[in-house]
Amino acid sequence: MKVAHETAGSERALLVGVAWKRAPRLPGLPAGQPERESLAELAELARSAGAEIASTVFQLRDSADPATLVGRGKLDEIRAEATARNAPLIIFDRNLSPVQQRNIENATNCRVIDRTQLILDIFARHARSREGQLQVELAQLDYLMPRLTGRGTQMSRLGGKSGAGGGGGAGAGGGAGRIGVRGPGEKKLETDRRRIRERVRKIQSQIEEVRKQRGLRREARQAVPLGTIAIVGYTNAGKSTLFNALSRADVLVSPKMFATLDPTVRAIRLPSNRRVLVSDTVGFIRDLPKGLLTAFRATLEEVHEAALILHVSDVSNPHHTELDAEVDKILLELGVQDRPRLCVFNKMDLLGPEERDTLSAAPKGSAGPILVSARMGQGLDELLRGIDDALPVDPVVRLSLRLPLAEGRTLALVHALGRVLRSAVEDSHMSLEAEVPESVARRLRLAQFADRGTYRSSVT
C-alpha cells in the first residue's frame, strides 16, 4: 500500500524556514544562520524530489505557535506568497504535528508537507530493491498513522447485531444493535488505522525475513575471511563516486540528494595484497527522523558489521565541519561511534591552491584525514595505504605449502586471497610458496599442508 505524497515533476513549491531567537548557536554566527543553511539544503531536497522552487519564506520568532508553528500573521503572508507565486505546495523545513499540518492546509488552501515527508518521498523514488521498498513503505505508514483524520459518521459502518438472541431488524435512525449500543460502528478512520496496523505487521515480518537473508549472505561472505569497510558520510559528499573509484563498480552517481539508497558491496585489494569488502551506504542528513533509522536497520547493519568506517566529507563545502558533526550524531545513535574510523576529505580538486596546501601541511594522525578527489582519481593510493594501516591487524605470513590437487577450493582461495610467489606441480600435489593473511591461513587450516616445517609457528 503506497502512501507517499509524491510531488509531480512540474509542481511548484514554496519553502518555509523557521528559527528561534534564543536557540543555542556557535559564537560569531547570527541568529538563524544554521536554519537558513538548512533551508538551502531543503531546496536541494525539493529539487531531488522533482519540485520547482517558486520562492522561500523565513521567520525568526521567540517560540513555536502550537496551532500553526508560525502564527496567524505569518500564515497570512505565506498564503499570499503562495498565491502570488502560483505554488500549490508548501514545504516546511520543520517537522509539523498533525494538528499544525491540518491547520496550515485549511488556512492556505495548499497542500502542506514537512521535512520528513519530503525525505520519505525521495526515498520512495530511489528505492530499487525489494528491501529498500519495504523499508520506505514502513516509514511512510508510521508517519501516516497519526495524521489520519475522520470523515464523519457518513463514512461509518453500523453498530453490532440486534437485540439479545440476534434477531430483529435495524433500529430507528439506521442504528442496529442492543439498547444502549445503537449507532455508528467502526468508522472509516478506525478501518484505515486497522488496515495500516495490519500492513505494518506484515511489512515488519517481511523486513525481518529480508534481514535474515542478508545475515545468511553475510555469513557466506564471512566464510571466506575478509575485512569489511563501510563508507558513510553526509548525503552528496561523493561516497558513491569514491566507491566506484576504489572498486571500479558502476553505482549511480548523481548530484541529487539520496540518489543511491540500496547498499552495494564490492571486493577490493589493498597494497598488502589483502582483499577487503567495501559497502556503499545511504547518505546521512541533519534532523534525519529516528523512524527512518529504525526502518533502515537492515540496510545499516552493513555499518554495524564493518571493521572500519570510512567517513567521507566534502571538504569543498565551507560548512563541512558542521555536517561531519551531524554524521557523528547518527553514528552515535547507531552505536558504532567507537568503531575504527578513517576520515576522508573528498573533492580536493575544488579547493584553491592555498586551501589545498594548508590541508596538506596539517599534521595527520594515524586515522587521517586523507585528501582525495574521487572524481579525478587523486589520492586513492594514499587512501588504500591508510585503509591498510587502519584495519585491525591481520599480518601477512609467508608459507611453503604442498597441497593435493584434489584440494581445488583451498588452492583457489590461496590464489584469490593471497599472493602466490612460486608454484609447481609434482605428481598429484602442488608445491607453492605464498603470502596470505594470517586469518586466512587459520580459516583454511593451512598448517596441515606445511612443507618441511616452513609454516609460521604463530599460525595454528
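Data block above holds the structure.
Just so it is clear, the model here is predicted, and its values are computed rather than measured.

What counts, and at which threshold
- Sequence order sets the numbering: in each chain, residues are counted from 1 along the sequence as written.
- This being a predicted model, a pLDDT of at least 70 is required before a residue's local features are given, and a value of 80 or more before pairs of side-chain atoms are given or counted; all residues contribute to the totals for chains, interfaces and linings.
- Excluding hydrogens and water, the side-chain figures rest on all heavy atoms present in the structure.
- The helix and strand labels rest on DSSP assignments: H or I over at least four residues marks a helix, E over at least two residues marks a strand, and numbering proceeds from the N terminus.
- Buried residues are those whose accessible area, probed at 1.4 Å on protein chains only, stays under 20% of the maximum for their type, while exposed residues exceed 50% and partly exposed ones sit between those limits.
- Areas reported as accessible are Shrake-Rupley estimates using a 1.4 Å probe. Residue values count occlusion only from the protein chains shown.
- Here an axis means a line fitted to C-alpha atoms, over the contact stretch when the element is a helix, while the angle between two N-to-C directions is reported on a 0 to 180 degree scale.
- By definition, turning the near helix anticlockwise from the far helix through less than a right angle yields a left-handed crossing, and turning it clockwise yields a right-handed one.
- The criterion used for residue contact is that any of the two residues' heavy atoms lie within 4.5 Å.
- Think of it as three bins: nonpolar holds Ala, Val, Leu, Ile, Met, Phe, Trp, Tyr, Cys and Pro, charged holds Asp, Glu, Lys and Arg, and polar takes everything else, Gly as well.
- Distance and chemistry together define a polar contact, namely a pair of N or O atoms within 3.5 Å, with one atom able to donate a hydrogen and the other to accept it when in protein, and with adjacent residues in sequence counting only for side-chain atoms on both sides.
- Pairing between strands requires that DSSP locate at least two bridges from one strand to the other.

Here the focus is the overall build of the protein. In terms of regular secondary structure, the protein is built from 14 helices and 13 strands. In the protein, which comprises 460 residues, the share counted as buried stands at 47%. Approximately 22700 Å² of the protein is accessible, and the part contributed by carbon and sulfur atoms is 49%.

Let's shift gears to the packing of helix 1 (residues 33-48) against helix 4 (residues 115-126). Two numbers describe how helix 1 lies on helix 4: the axes approach to 9 Å, and their chain directions differ by 35°. For the element pair helix 1 and helix 4, the recorded crossing hand is left-handed. Taking contact as the criterion, the partners of Ser38, Glu41, Leu42, Leu45, Ala46 and Ser48 in helix 1 are, on helix 4, Arg115, Leu118, Ile119 and Ile122. Considering only residue class, the contact of helix 1 with helix 4 consists of six nonpolar, two polar and two charged.

With that settled, consider the environment of glutamine 100. Note on placement: glutamine 100 falls in helix 3 (residues 98-108). Here the alpha-carbon distance between glutamine 100 and threonine 68, two residues 32 residues apart in the chain, equals 4.8 Å. When sequence neighbours within four positions are dropped, the list of residues in contact with glutamine 100 reads Asp65, Pro66, Ala67, Thr68, Leu69 and Asn95. A polar atom in the side chain of glutamine 100 sits 3.4 Å from the backbone oxygen of proline 66.

Read across the sheet, four strands follow the order 2-1-3-4 without closing on themselves; strand pairing throughout is parallel. Edge strands, defined here as strands with exactly one partner in the open sheet, are strand 2 (52-61) and strand 4 (111-113). With direction set aside, neighbouring strand axes in the sheet form an average angle of 20°. The pairing of strand 1 (residues 12-20) with strand 3 (residues 89-92) spans four bridges and is classified as parallel.

The analysis is restricted to geometry; functional conclusions fall outside its scope.
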